Amino acid sequence: MTVPAGAGAGTPVAASAPSQIELERRLYRRQRGRRSIVVSVASTVVVIAVVYFGVVNTPGWAAVQQSFFDPQTAIDSFPSILEGLWLNVRILFFSAIGVAVFGTLLAVVRGLRNPVFFPLRMLATGYTDLFRGLPLIIVLYLVGYGIPGLGVFPRLPAEVWGTIAIVLTYSSYIAEVLRAGMEAVHPSQRLAARSLGLSHAKTLRLVVLPQAIRKVTPALMNDFVSMQKDVGLVSILGAVDAVRSAQIAQAETYNFTPYFVAGLLFVVISLPLIRVTDAIARRQQRREQIGGTV
């Protein structure tokens, strides 16, 4: 851009106006964006209408609505289910901390290459293989009823044993995700850190783990969303959480609406994290593609 001859060093230079071609491009993008929004809204309304009228006009809809979507039953059971949900939130909080610590430890142990650590690597590998294969409900029964049956530990609430079972199961999943992220870090990063004088532990803590977590953040958050739902299984041990509260309300009213209410509450606490996970995944994709679309 040419500076006018009379302009001094401190004189601001006006930015050049966009060309006619650029203005036409912006207008086309705005029109296309508005058209896309209209088409999306219209197609969504059509799909919702088709599904709604298709379900409502089925022969058994009246009975299903009375059994699963009764407003009065939902209002009456909501307070007790909400109180039970608070127990699920507490279990989720402590489970997340335990899974983060134990899963990271397992991932680090599996990444050790020194031959002296071979027994630890074999134990960590066997642990992850075992608990990734066992259904969570079986682990809950083994931990919640088997360990107290040994008579070694003091009597603990059912939610404590449920939290332990969740930590044992999900640590194996998180360990494998973290290990994949650690192996995805280029070896030159480790070599560069060691050449600067960092020990193996500091290299893991300051160089490898931060990059690994950034690479697998969407996968980690998806596992956390799954754990949010699975904390409802602690009800099989007798903990009065949202699911057990819904079961009690169903037994009193002979109506399944309390289960629907409990399910909606679990969705409500999961939605924010789901949206954050999608946003992080999109941002990571844009960063890797430098704004382009493959």
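For the structure, check the block above.
These lines cover the structure that appears in this document, whether it is placed above or below.

1. Examining the overall build of the chain
Thought 1: Helix and strand content of the chain: 10 helices and 0 strands.
Thought 2: In sequence order, the secondary structure elements of the chain are arranged as α-α-α-α-α-α-α-α-α-α.
Thought 3: Once the C-alpha set of the chain is aligned to its principal axes, its extents read approximately 90 × 70 × 35 Å.
Thought 4: A total of 294 residues make up the chain; the buried ones form 30% of that total.
Thought 5: Of the contacts formed within the chain by residues at least 6 apart in sequence, a portion of 74% connects residues at least 24 apart.
Thought 6: Roughly 18,600 Å² of accessible area belongs to the chain as shown, and the carbon and sulfur atoms make up 67% of that amount.
Thought 7: Of the charged side chains in the chain, 27 are positive and 15 negative; the average position of the first set lies 15 Å away from that of the second.

2. A look at the packing of helix 4 (residues 118-133) against helix 6 (residues 158-184)
Thought 1: Relative orientation of the contacting elements helix 4 and helix 6 amounts to 115°, with a least axis distance of 8 Å. The two elements helix 4 and helix 6 meet at a crossing, and its hand is left-handed. Contacts from Tyr127, Thr128, Phe131 and Arg132 in helix 4 reach Val167, Leu168, Thr169, Ser171, Ser172, Tyr173, Ala175 and Glu176 in helix 6.
Thought 2: In terms of residue class, the contact of helix 4 with helix 6 is made up of 6 nonpolar, 4 polar and 2 charged.

3. Remarks on the side chain of Thr128
Thought 1: Counting through the fold element by element, Thr128 comes out in helix 4.
Thought 2: Of the polar contacts made by the side chain of Thr128, one reaches the side chain of Arg110; its length is 3.4 Å.
Thought 3: Apart from the residues lying within four places of it in its own chain, the contact partners of Thr128 are Leu106, Arg110, Ser172, Ala175 and Glu176.

4. Things to note about the packing of aromatic side chains
Thought 1: Inspection of the entire model under this criterion finds 12 aromatic pairs.
Thought 2: An angle of 40° between the planes, with centres 4.5 Å apart, marks the rings of Tyr127 and Phe131 as tilted. Here Phe131 and Tyr127 lie together in helix 4, a separation of 4 residues that amounts to about one turn.
Thought 3: When its relative accessible area of 14% is taken as the criterion, Tyr127 is described as buried.
Thought 4: The exposure class of Phe131 is buried, given its relative accessible area of 13%.

5. A closer look at the pattern of salt bridges
Thought 1: Enumeration according to the criterion identifies 7 salt bridges in this entry.
Thought 2: A salt bridge links Arg26 to Glu22, with the shortest nitrogen-to-oxygen separation between them at 3.1 Å. Placement of the pair is Arg26 and Glu22 together in helix 1 (residues 20-56), with a separation of 4 residues, close to one helical turn.
Thought 3: Using a relative accessible area of 37% as the deciding quantity, one classes Arg26 as partly exposed.

6. Comments concerning helix 6
Thought 1: The end-to-end C-alpha separation of helix 6 is 39 Å, in line with the 39 Å expected for 27 residues at 1.5 Å each.
Thought 2: The sharpest bend along helix 6 comes to roughly 25°, located at Tyr170.
Thought 3: Most of helix 6 sits inside the fold, with 19 of its 27 residues counted as buried.

7. Observations regarding a nonpolar patch on the surface
Thought 1: A contiguous nonpolar patch, built from Val64, Phe68, Phe69, Phe256, Tyr259, Phe260 and Leu264 and spanning about 570 Å² of accessible area, is present on the exposed surface.
Thought 2: Listed by contribution, the elements that provide at least two residues to the nonpolar patch are helix 2 (61-68) and helix 10 (257-289).
Thought 3: Broken down by element, the residue count for the nonpolar patch peaks at 3 residues, all from helix 10.
Thought 4: Among the secondary structure elements, Phe68 is positioned in helix 2.

8. Quick notes on the nonpolar core
Thought 1: Counting 45 residues, the largest nonpolar core has Ile81, Ile166 and Met182 as its most contacted members.
Thought 2: When residues of this core are traced back to their parent elements, those giving at least two are helix 3 (71-110), helix 4, helix 5 (136-149), helix 6, helix 8 (200-230), helix 9 (242-253) and helix 10.

9. Focus: helix 5
Thought 1: Taking 1.5 Å per residue, 14 residues should reach 20 Å; helix 5 reaches 19 Å between its end C-alpha atoms and fits that length.
Thought 2: Of the positions making up helix 5, those classed as buried are Leu136, Val139, Leu140, Val143 and Gly144.
Thought 3: Structurally, helix 5 contributes buried residues whose contacts are with helix 4, helix 6 and helix 8.
Thought 4: Positive phi appears at Gly151, one or two residues downstream of helix 5, with a value of about 75°.

10. Regarding a positive patch on the surface
Thought 1: Together, Arg214, Lys215, Arg282, Arg283, Arg286 and Arg287 give the surface a local cluster of positive charge.
Thought 2: Where the positive patch is concerned, the elements lending two or more residues are helix 8 and helix 10.
Thought 3: If one sorts the elements of the positive patch by residue count, helix 10 sits on top with 4 residues.
Thought 4: Tracing the backbone shows Arg214 in helix 8.

About the criteria used
Residues numbered from 1 in each chain as written. Predicted model: local features only at pLDDT ≥ 70, side-chain atom pairs only at ≥ 80, totals over all residues. Heavy atoms only, no water. Helix = DSSP H or I, 4+ residues; strand = E, 2+ residues; numbered from the N terminus. Buried < 20%, exposed > 50% of the residue type's maximum accessible area, 1.4 Å probe, protein only. Contact = heavy atoms within 4.5 Å. Areas by Shrake-Rupley, 256 points an atom, 1.4 Å probe, with all protein chains shown as cover. Lys, Arg positive; Asp, Glu negative; His and termini not counted. Charge placed at Lys NZ, Arg CZ, Asp CG, Glu CD. Axes fitted to C-alpha atoms, helices over the stretch in contact; angles between N-to-C directions. Left-handed = near helix turned anticlockwise from the far one by under 90°. Nonpolar A, V, L, I, M, F, W, Y, C, P; charged D, E, K, R; others polar. Polar contact = N/O pair within 3.5 Å; in protein donor to acceptor, adjacent residues only side chain to side chain. Phe/Tyr/Trp six-rings, centres within 6.5 Å; stacked < 30°, edge-to-face > 60°. Salt bridge = Lys/Arg side-chain N within 4 Å of Asp/Glu carboxyl O. Expected span 1.5 Å × (residues − 1). Bend = angle between axes of the 7 residues up to and from the residue. Patch = residues over 30% accessible without salt bridge, like charges linked within 9 Å, V, L, I, M, F, W, Y side chains within 5 Å. Core = buried A, V, L, I, M, F, W, Y, C linked by side-chain atoms within 4.5 Å.

No statement about biological role is implied by the geometric values presented.
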